[in-house]
Amino acid sequence: MTSARRTVLKLLATVPVAAQAARAAAPAAAAEAPGGIVKPLPADVFTRHGTNAETRPSALRGTGFHTPNDRFFVRNHTGTPVLDANTWRLTVWGSGLRGGPVRFTLADLWALPAVSRDVAIECAGNARGYFTSQQHDTVTGTPWTLGAVGVARWRGVRLADVLRRAGIGDHAVAVMPRGLDAEYVTAGVNLGRVRRPLPVAKALADVLLAYEMNGAPLPPDHGFPLRVVVPSWVGVASVKWLGDIEVSAEALHSPWDTDYYRLFGPGHPPQGSAPLTRQTVKSTFELDHGATLVARRTHRLTGRSWSGHAPVVEVRVSIDGGAHWRRAQLQDPPRRHGWVRWSVPWHPLATGPTTLLARATDAAGNTQPDHTPPNTQGYLFDAVVRLPVTVV
Ligand SMILES: Nc1nc2c(c(=O)[nH]1)N[C@H]1C(S)=C(S)[C@@H](COP(=O)(O)O)O[C@H]1N2
Ligand SMILES: [Mo]
């Protein structure tokens with residue numbers, strides 16, 4: 001046997017060829033957690049929407065900058081898979097590598113330089129419900145209010161480091177992470193496993209592969225043992241339960257960047273807008289819809305504002321349905337990828353119903369409008385939300 005042939009055989013023994021990798025990357029579906037979501041979903045913290053759960057605004061009160069793991073919203077296309085960290089592997093494969101597929105164990109990833117980042121994850125459809133309730137538009141999808149967002153401290157490795165270890169070539173143009181949760185079937189069509197392409201430039205810039213969330217191992221519902229965290233982009237880019245990453249010399253697509261997560265409808269081409277990337281500007285009070293407040297007392301109205309474009313630098317609040325506005329005091333220094341907590345004192349004298357509003361502006365000059373032009377799937381709502389409360 002020639003030494004070249006011996007080398008090839010040795011490689012075949014240790015590194016699977018592409019076909020084997022494709023199979024290895026898509027093993028039989030893992031068992032799903034009974035009930036779809038593993039963690040408890042107490043009704044004072046979460047509102048359930050089918051396979052998903054959003055954080056109630058009042059549940060953020062007093063929680064600090066980071067959303068605690070047991071209060072963080074869950075968006076599952078199917079159900080949380082139960083994965084075994086000992087047998088789990090990450091496979092990086094595809095025509096954009098200089099060589100064959102490369103597999104990583106969790107221990108391999110722990111051996112790489114660790115980085116920690118405060119990053120918001122927000123569903124593209126967060127606040128979608130207001131298209132209907134506030135603007136009377138017809139849209140499809142989960143009718144979230146403002147609770148499909150959370151900020152956590154993610155710890156893990158740079159996707160760039162993993163891609164370089166795997167031998168990404170200069171010819172690579174796209175990277176597609178894919179989850180190990182069950183294939184997603186909707187309207188009788190099997191769309192396969194959740195996956196969405198990232199341009200190589202973004203993948204190499206600031207994307208993390210996280211194995212910790214707020215100092216704890218990634219909880220099952222948030223992607224254990226490893227998830228993608230894509231700062232400032234729509235949540236669907238942050239693929240949970242990562243199993244494999246395709247690195248390609250050609251453009252990649254999936255239903256999550258063609259049929260979904262684009263803007264469709266009036267003002268958009270038939271194939272939709274470009275795939276959604278950055279999130280919009282939003283604000284929430286830490287009060288539930290219909291909350292009651294006692295008259296002739298000073299309340300500290302608290303809330304949070306965030307933007308995928310730039311740090312939030314100003315928040316204005318109205319306690320009279322938008323007639324008068326005043327500046328909220330920002331509790332956090334403006335920073336990218338997170339949110340700012342803010343507060344305004346309020347001493348209501350009159351009893352009865354009123355409407356609270358909050359309008360944020362970011363450092364790039366984006367301000368929340370009064371109305372968001374609708375799109376059929378209800379993405380990227382950014383208008384000022386009207387919150388009814390009653391003074392008693
Ligand atoms: N594998 C996989 N990754 C996924 C999803 C999913 O269903 N499966 N949902 C995506 C969507 S649409 C969002 S908004 C975020 C939600 O993250 P969270 O559940 O940790 O809050 O995860 C994304 N990653
Ligand atoms: Mo999402």
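Everything here concerns the structure above.
Owing to the predicted nature of the structure, the values given are computational and were not obtained by experimental measurement.

Draft legend 1. Fine view of the sheet that holds strand 14 (residues 242-248). Pairing in this open sheet of five strands is mixed, and the strands run 4-3-14-7-10 from one edge to the other. Strands with a single pairing partner mark the edges of an open sheet, and in this sheet they are strand 4 (102-104) and strand 10 (198-199). Here three bridges tie strand 3 (residues 90-93) to strand 4, and the two strands are oriented antiparallel to one another. Residue pairing across strands places Thr91 opposite Arg103, the latter belonging to strand 4.

Draft legend 2. Examining the sheet that holds strand 20 (residues 329-330) more closely. Read from one edge to the other, the open sheet built from four strands follows the order 15-17-21-20, with strand pairing classed as antiparallel. The two strands at the open ends of the sheet, each matched to only one other strand, are strand 15 (282-285) and strand 20. In terms of strand pairing, strand 17 (residues 299-306) meets strand 21 (residues 339-346) through eight bridges, oriented antiparallel. Bridging from a neighbouring strand, Ser305 pairs with Val340 of strand 21.

Draft legend 3. Just the pairing of strand 17, in detail. Burial runs high along strand 17: seven of the eight residues are buried. Relative to strand 17, strand 15 is paired through four bridges, and the arrangement is antiparallel. Bridge assignment links Phe285 to a residue of strand 17, and that residue is Gly303.

Draft legend 4. Region of the structure containing the site of ligand 1. With respect to spatial proximity, 20 residues lie near ligand 1, and among them Phe73, Asp181, His222, Arg227 and Lys240 are the closest. Contacts to ligand 1 include Asp181, whose side-chain N or O atom sits 2.6 Å from a nitrogen atom. Arg227 has a polar side-chain atom sitting 2.7 Å from an oxygen atom of ligand 1. Notes on ligand 1: free accessible area 530 Å², of which the protein chains cover 100%. Under a 2 Å grid-point criterion requiring more than half of the atoms, the pocket assigned to ligand 1 is the largest cavity. Of the residues belonging to the shell around ligand 1, the class tally is ten nonpolar, six polar and four charged.

Draft legend 5. Focus on the packing of aromatic side chains. The full count for this structure, using the stated rule, is ten aromatic pairs. Seen in terms of ring centroids, Tyr130 and Phe381 are 6.0 Å apart; in terms of plane orientation they differ by 40°. Their pairing is tilted. A residue pair is termed long-range when its members are at least 10 positions apart, and Tyr130 in helix 4 (residues 129-133) and Phe381 in the loop between strand 22 (352-362) and strand 23 (387-391) qualify at 251 residues. Classification of Tyr130 by relative accessible area gives buried; the value is 13%. Ring geometry for Tyr184 versus Trp256: centroids 6.2 Å apart, planes at 45°, classification tilted. Separated by 72 residues along the polypeptide, Tyr184 in the loop between strand 7 (174-179) and strand 8 (185-186) and Trp256 in helix 7 (residues 255-258) bring together distant segments of the chain. Side by side, Tyr184 and Trp256 carry an identical accessibility label, which is buried.

Draft legend 6. Seen up close, empty space enclosed by the protein. According to the stated counting rule, one finds four cavities of 30 Å³ or more in the structure shown. Put simply, the largest cavity is a space of about 260 Å³. What lines the largest cavity is a set of 21 residues, among which Arg75, Arg227, Gly235, Ser238 and Lys240 lie closest to the centre. Its residues assigned to classes, the lining of the largest cavity shows ten nonpolar, six polar and five charged. Here the second largest cavity is characterised by a volume of approximately 90 Å³. In terms of lining residues, the second largest cavity is bounded by Ala120, Ile121, Glu122, Ser232, Trp233, Gln279, Trp306, Ser307, Gly308, His337 and Gly338. When residues of the lining of the second largest cavity are assigned to their parent elements, the largest contribution, three residues, is made by strand 5 (residues 115-122). When the residues that make up the lining of the second largest cavity are grouped by side-chain class, the tally is four nonpolar, six polar and one charged.

Thresholds, definitions, all that
Residues numbered from 1 in each chain as written. Chains lettered and ligands numbered in written order. Predicted model: local features only at pLDDT ≥ 70, side-chain atom pairs only at ≥ 80, totals over all residues. Heavy atoms only, no water. Pairing = 2+ DSSP bridges. Helix = DSSP H or I, 4+ residues; strand = E, 2+ residues; numbered from the N terminus. Buried < 20%, exposed > 50% of the residue type's maximum accessible area, 1.4 Å probe, protein only. Near = heavy atom within 4 Å. Polar contact = N/O pair within 3.5 Å; in protein donor to acceptor, adjacent residues only side chain to side chain. Areas by Shrake-Rupley, 256 points an atom, 1.4 Å probe, with all protein chains shown as cover. 1 Å grid on protein atoms, 1.4 Å probe; cavity = no way out; pocket = protein on both sides within 12 Å on 5 of 7 lines; lining within 4 Å. Sits in = over half its atoms within 2 Å of the grid points. Nonpolar A, V, L, I, M, F, W, Y, C, P; charged D, E, K, R; others polar. Phe/Tyr/Trp six-rings, centres within 6.5 Å; stacked < 30°, edge-to-face > 60°. Points joined across faces, edges and corners; volume = space filled by probe spheres on them.

Keep in mind that these numbers describe shape and distance, not what the molecule does.
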